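Working through the structure, step by step
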Amino acid sequence: MTLKNVKSELAVAFNAFKKYGSARQLAITEKNNIVKECRESIATVHSANVTNNGNREDVIKDAQEKAEKAGQMLKILQARMKGDYGKSWSRSLYTFVAAAEQEIVEAFSVLAVMKRQEIPSMDIQFRAQDPDSYIKTKTTVRVSYEAYVLGLLDCVLELKRVVLDSLDRSDAVHAKNVFETMHELFNVLERFMQFSNSVDGLKVKIDAARYQVNETRKLLK
């Protein structure tokens, strides 16, 4: 029979396509959910920065909870992609996970600056909600080198708004402190420009961060 080999091979290919499609849908859906939580966390951080009343700590706590929720979602996504799909988790699918990782880095970094804490490493520590109880336990989610660098560059860009809002509420000291962090962070990231031909979007983000650092410096003079 002339189609014996074809039919058997197409059966394998069909299952591979099906598995890949499921993995792709999961990656896209969860990436969008993670990005949503991260952006809400960052927006909440900005809300806290413009607040002068006693609700400030509560608002920051809300931002922390949103970031932690996103971190837990990313950790689950990473585990599912590796465990459920194995080889179907190709480089083309990783781009969706990398985008989520990048947003996680940005959200936790902006939050750390706002709380005057150390910006996290690639092993981002946070508290995760136990699904079977109300208890939160310490856990870690690791991001890639690429996501870490790009996420920190996004943080630099986001810190300009923190400086602006601080100046608007006449807190020049906080504005200056945030700018110093912004400037120092950019200085250690700028050297990655030499890899701009290897990492998509890297040059654009470094150029944008440099411009915003210079513009923010002018605001503080």
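The coordinates are above.
Residues numbered from 1 in each chain as written. Predicted model: local features only at pLDDT ≥ 70, side-chain atom pairs only at ≥ 80, totals over all residues. Heavy atoms only, no water.

Examining helix α5 (residues 172-189)
For α5, with 18 residues, the first-to-last C-alpha span of 26 Å sits near the 26 Å given by 1.5 Å per residue. What α5 keeps buried is the set H174, A175, V178, F179, M182, L185, F186 and L189. Along α5, the residues classed as buried sweep out an arc of 130° about the axis, all on the same side. Along α5, the residues that are exposed and aim more than 90 degrees away from the buried face are V173 and E184. (Helix = DSSP H or I, 4+ residues; strand = E, 2+ residues; numbered from the N terminus. Expected span 1.5 Å × (residues − 1). Buried < 20%, exposed > 50% of the residue type's maximum accessible area, 1.4 Å probe, protein only. Arc of directions from axis to C-beta.)

Concerning the environment of I34
Along the polypeptide, I34 turns up in helix α1 (residues 4-49). Residue class for I34 comes out buried when judged on its relative accessible area of 0%. Setting aside residues no more than four positions away along its own chain, I34 makes contact with A70, M73, L74, L77, A100 and I104. (Contact = heavy atoms within 4.5 Å.)

Remarks on a negative patch on the surface
Together, E57, D58, D62 and E65 make up a negatively charged patch on the protein surface. Topologically, E65 is positioned in helix α2 (residues 56-84). Exposure remark for E65: the relative accessible area of 36% places this residue in the partly exposed category. (Patch = residues over 30% accessible without salt bridge, like charges linked within 9 Å, V, L, I, M, F, W, Y side chains within 5 Å. Areas by Shrake-Rupley, 256 points an atom, 1.4 Å probe, with all protein chains shown as cover. Salt bridge = Lys/Arg side-chain N within 4 Å of Asp/Glu carboxyl O. Lys, Arg positive; Asp, Glu negative; His and termini not counted. Charge placed at Lys NZ, Arg CZ, Asp CG, Glu CD.)

Examining the nonpolar core
I34, L74, M81, I104, V143, L153 and V156 are the most contacted members of the largest nonpolar core, which totals 62 residues. Breaking this core down by element, the ones donating at least two residues are α1, α2, α3 (91-114), β1 (123-129), α4 (145-168), α5 and α6 (202-219). At 14 residues, α3 tops the list of elements feeding residues into this core. (Core = buried A, V, L, I, M, F, W, Y, C linked by side-chain atoms within 4.5 Å.)

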